[in-house]
Amino acid sequence: AIFQAAAVEFSDRGYDAAGVDRIAARAGVNKAMLYYHFGSKQALYVEVLRDMFRAVGARARAIADGSDTAVEKLDRWIATIVAESAARLSFPPIMLHELASGAPRFDPDTFAMMNVVFAAVRDIIVQGRREGVFRDADPLLTHLTIMPPILIYFARQRVLARNPVDGGLAAPRDLDDFIRHMQASARGMLRKDP
């Protein structure tokens, strides 16, 4: 309960404005229980980040190490990032807050966990080059081209859930349509010209 309450609070307010009192109240516990289980606001925050990195990192690494083609792996990697973000709707806004502030609370272990996700897509891109289906694209720049739209998609969906509007550009997008769009975009970006 504390973990879930913290994820929502950090998502809504960012780290600096998040309140331990609000987290404890939302979780239905006193502050002493929060400190007993997590030690500090910072430790709780880092655990929220690491929960996502552990989940997506393990799945991403398994995809990269599998026997599928690079194109199949790329599609699965994107679907996994989106699915894990959908399972933790608080994560995308937290990550956007953190990146916008220069990631001051990312310690080396947290960075290492996050880099597992990048290493998986890097290895998929290298495999695609070997298979002759991907051009010589920079893996980091490719990663940085794919990840922000995923974070922004979920942040946008959240805004629209709180402020529903009708029509066209403002309408929420279907998750499966978004996954297919991201997969097609990434394949197009990496496709080797004939």
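Structure's up top.
Counting restarts for each chain, with residues numbered from 1 along the sequence as it is written. Residues qualify for local features only when their pLDDT is at least 70, as the model is predicted, and side-chain atom pairs are given and counted only at 80 or more; totals for whole chains, interfaces and linings, by contrast, use all residues. No hydrogens and no water enter the side-chain calculation; it runs on all heavy atoms of the structure.

### Observations concerning the overall build of the protein
How we decide: In this text, helices come from DSSP runs of H or I with a minimum length of four residues, and strands from runs of E with a minimum of two, each type numbered from the N-terminal end. With a 1.4 Å probe rolled over the protein chains alone, any residue whose accessible area is under 20% of its type maximum counts as buried; one over 50% counts as exposed, and the rest are partly exposed. Contact between two residues is taken to exist if any of their heavy atoms lie within 4.5 Å; hydrogens are not considered.
Along the backbone of the protein there are nine helices and zero strands. Helices and strands appear in the protein in the N-to-C order α-α-α-α-α-α-α-α-α. Summarising its shape, the C-alpha atoms of the protein cover approximately 60 × 45 × 25 Å along the three principal directions. Within the protein, the proportion of its 194 residues that are buried is 44%. Taking contacts inside the protein between residues at least 6 apart in sequence as the whole, the part at least 24 apart equals 68%.

### Brief notes about the packing of aromatic side chains
So the rule is basically this: Stacked, tilted and edge-to-face are the three classes applied to pairs of Phe, Tyr and Trp rings, where Trp contributes its six-membered ring and a pair requires centres within 6.5 Å; stacked means planes under 30 degrees apart, edge-to-face means over 60, and tilted covers the rest. To sit over a ring, a charge needs its Lys NZ or Arg CZ within 6 Å of the ring centre and within 35 degrees of the ring normal.
By the definition in use, this model includes eight aromatic pairs. Judged by centre distance (5.6 Å) and plane angle (85°), the rings of Phe 53 and Phe 91 are edge-to-face. With Phe 53 in helix H4 (residues 41–65) and Phe 91 in helix H6 (residues 91–100), this residue pair connects regions lying 38 residues apart in the sequence. Phe 91 matches Phe 53 in its accessibility class, with the two residues each being buried. Ring geometry for Tyr 153 against Phe 178: centres 3.9 Å apart, planes inclined by 5°, an arrangement best described as stacked. In this pair, Tyr 153 sits in helix H8 (residues 139–162) while Phe 178 sits in helix H9 (residues 175–190), placing the two residues 25 residues apart along the sequence. Both residues of the pair, Tyr 153 and Phe 178, count as buried. Clustering of aromatic rings is evident, with ring pairs tying together Phe 53, Phe 91, Phe 106 and Phe 111. When the ring centre of Tyr 15 is taken as origin, the NZ or CZ atom of Lys 41, which lies over that ring, is 4.5 Å away.

### A few points about the nonpolar core
Here is the rule: Here, nonpolar core means buried Ala, Val, Leu, Ile, Met, Phe, Trp, Tyr and Cys residues that are tied together by side-chain atoms lying within 4.5 Å of each other.
With 28 residues, the main nonpolar core has Leu 74, Trp 77, Ile 78, Ile 124 and Ile 150 as its most contacted residues. Of all the secondary-structure elements, those providing two or more residues to this core are H4, helix H5 (70–87), helix H7 (108–131), H8 and H9. Setting aside anything within four residues of it in sequence, one finds Ile 124 in contact with Ile 63, Ala 64, Ala 70, Lys 73, Leu 74, Trp 77 and Phe 134. Core analysis: the next-biggest nonpolar cluster, separate from the first, contains 26 residues, Ile 23, Met 52, Phe 91 and Met 113 among them.

### Observations regarding the side chain of Asp 75
Its location among the elements puts Asp 75 in helix H5. What makes Asp 75 buried here is its relative accessible area of 17%.

### A closer look at the layout of surface pockets
It is the rolling of a water-molecule-sized probe over the atoms that shows where space remains empty. Counted only if it meets this: Of the grid points, spaced at 1 Å and generated over the protein atoms alone, those admitting a 1.4 Å probe that cannot get out make up cavities, while open sets with protein on both sides within 12 Å along at least five of seven lines make up pockets; any residue with an atom within 4 Å of a point is treated as lining. Grid points are joined across faces, edges and corners, and a volume is the space filled by probe spheres set on the points.
Considering only enclosed or pocket space, the largest pocket measures out at about 350 Å³ in volume. Of all elements in the fold, only H4, H5, H6, H7 and H8 reach the threshold of two or more residues within the lining of the largest pocket.

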